[in-house]
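Residue-level listing of the chains:
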Amino acid sequence: MRFGTELMRQADALALFSEDAPQITRTYLSEQHKQAGEYLIGLMKRAGMDAGFDALGNIVGRYAAEDPHAPVVMTGSHQDSVRNAGKYDGLFGIITAIACVKDLHERGKRLPYTFEIVGFGDEEGVRFGATLIGSKAMAGNFDPAWLDKTDDKGITMRRALTAFGGDPDGWRDVDRRGKNVVAYVESHIEQGPVLLNEGLPVGVVTAIAGATRLRVRVTGLAGHAGTVPMGARRDALTAASEMILRVEQYCGEHAGLVGTVGKIAALPGAVNVIAQDVEFTVDVRSGDDALRRDAASALQSAFEDIAKRRNVTVSATQFFAANAAPCDPALQQAFADAIAAHGVAVRHLPSGAGHDAMEFPAVAPTAMLFVRCGNNGISHHPDETMTAEDAEIATSVFLHFLENYQPKR
Ligand code: GLV
Ligand code: MN
Ligand code: MN
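Residues numbered from 1 in each chain as written. Chains lettered and ligands numbered in written order. Predicted model: local features only at pLDDT ≥ 70, side-chain atom pairs only at ≥ 80, totals over all residues. Heavy atoms only, no water.

Q: Before we go on, may I ask you to explain empty space enclosed by the protein in this structure?
A: Counted by the stated rule, this structure contains 1 cavity of 30 Å³ or more. When its volume is computed, the largest cavity comes out at roughly 30 Å³. Lining the largest cavity are A15, I24, R26, D80, S81, G86, K87, D89 and L91. Tallied by class, the residues present in the lining of the largest cavity amount to 3 nonpolar, 2 polar and 4 charged. (1 Å grid on protein atoms, 1.4 Å probe; cavity = no way out; pocket = protein on both sides within 12 Å on 5 of 7 lines; lining within 4 Å. Points joined across faces, edges and corners; volume = space filled by probe spheres on them. Nonpolar A, V, L, I, M, F, W, Y, C, P; charged D, E, K, R; others polar.)

Set out below in structure tokens:
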């Protein structure tokens, strides 16, 4: 096998850079981010690239064209992970691209464009609650207020960046708009079961769903679990439970919407005290931006109604929103041609998951290649799997794309 076996080995090696081994958790600006970055920079250099960290801790490798004025094609994905993650989400998109460059380099082949591979420092938003930090910065969408966000130990992003060796004030320099970037393409594990169910190793993404995220705070009144009569309670947790079920109900009743409450905290947090303060998150996604925006406002008014009826207060603030990102038709066709050249049926499919690619339409035409996810398509979970055979085909398809892509001058 030309690529697959080695890519599986690299994914296994990268999985060891974890904050809570044997699980996989690697958050932005952690020691393990540094270690995984150094590993990837080593791979990039051995593949004939110039490579290093940028001001925000993104890992950037360049395979320069002979012509210094040649346009730039970018690829990448994220080095960070969710808590207790799988091995391939994000990292596969980085290592598959490095494998392509290594192959080109060993054949002494340059491309008619400079090819840049980015390992984005943060896409998942686990540590600071700001999501897609690296790709937003490259798309000119970095919010400097994020530098004052803190992690759960109270460390600001600014301080963590400085300790990492980055430059908190260097975010403007990573903006790729107006820098002759003509395409952004990303390879990613599907994180769902569509390709698996259809027996296909790869597919072409049509669009990436947009997302809205809310932080909801419910305030009731603490009281003695044994003495406050049921009818007299102002229980923030039962009110929040009803709100959470409303998210499920609303999204279940509207085709094309999905909604998740993935995080909740209740205080004072004792078995014998009625909950007074509850905070939970809502993540609503759709390929249809209007449907998603309507859902966010309908849910907020439903929360108000529930709060009123239960004699508690609620406030919901939006802390993240991204519009759906359509993929470029010409680049989709180029991926379709590369897939067909491998004798594989071409399947187009939308992405329900968010990706670094969703920020790049602000920079250049954007497209994505999906790779089959094993185990019923499970992801954001340690049981996420990909086979060496699929990694092989996906890398070969990506390389075919790279070798056939002709940037317009
Ligand atoms: C990123 O993985 C997301 O879709 O939340
Ligand atoms: Mn993910
Ligand atoms: Mn991902």
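Q: When you look at the environment of E359 in this model, what are you seeing that I'm missing?
A: As for its placement among the helices and strands, E359 is situated in the loop between β13 (348-351) and β14 (366-371). Assessed through its relative accessible area of 8%, E359 is described here as buried. Measuring from C-alpha to C-alpha, the distance between E359 and P229 comes to 52 Å, with 130 residues separating the pair along the chain. Apart from the residues lying within four places of it in its own chain, the contact partners of E359 are L132, S135, K136, A139 and N141. (Helix = DSSP H or I, 4+ residues; strand = E, 2+ residues; numbered from the N terminus. Buried < 20%, exposed > 50% of the residue type's maximum accessible area, 1.4 Å probe, protein only. Contact = heavy atoms within 4.5 Å.)

Q: I would appreciate a short explanation of the site of ligand 1 in the present structure.
A: The full set of residues close to ligand 1 is E123, E124, R213, R285, A353, G354 and H380. Separating an oxygen atom of ligand 1 from a side-chain N or O atom of E124 is a distance of 3.0 Å. At 2.6 Å from an oxygen atom of ligand 1 is found a side-chain nitrogen or oxygen belonging to R285. For ligand 1, the protein covers 89% of the area, taking 190 Å² as the surface of the free molecule. Of the residues contributing to the shell around ligand 1, the split by class is 1 nonpolar, 2 polar and 4 charged. (Near = heavy atom within 4 Å. Polar contact = N/O pair within 3.5 Å; in protein donor to acceptor, adjacent residues only side chain to side chain. Areas by Shrake-Rupley, 256 points an atom, 1.4 Å probe, with all protein chains shown as cover.)

Q: Help me understand the nonpolar core in this model?
A: Side chains of nonpolar character tend, in soluble globular proteins, to be buried together. Ranked by size, the top nonpolar core spans 102 residues in total, and within it L40, F115, I117 and F398 carry the most contacts. Counting residues per element, this core draws most heavily on helix α3 (residues 91-106), which supplies 10 residues. With near-sequence residues (within four places) excluded, F398 lies in contact with T75, A97, C100, F115, V185, S187, F335 and L369. Counting 23 residues, the second largest nonpolar core, distinct from the first, contains A240, Y250, L257 and V312. (Core = buried A, V, L, I, M, F, W, Y, C linked by side-chain atoms within 4.5 Å.)

Q: Sorry, what's going on with unusual backbone geometry here?
A: Excluding glycine, a negative phi dihedral is what most residues carry, and trans is how most peptide bonds are arranged. At the junction of A21 and P22, the peptide bond is cis and its omega measures out at 10° in the coordinates. Counting through the fold element by element, P22 comes out in the loop between α1 (4-15) and α2 (31-46). Of note, the amide linkage connecting L267 to P268 takes the cis form, showing an omega dihedral of 10°. Looking at where P268 falls in the secondary structure, it is placed in the loop between β9 (264-267) and β10 (277-286). With phi around 55°, N84 is a residue other than glycine that occupies positive phi space. Its location among the elements puts N84 in the loop between β3 (72-78) and α3. Judged by relative accessible area, which is 25%, N84 ranks as partly exposed. Located in the positive-phi region is L132, a residue other than glycine, with phi close to 60°. Its location among the elements puts L132 in the loop between β4 (114-120) and α4 (133-138).

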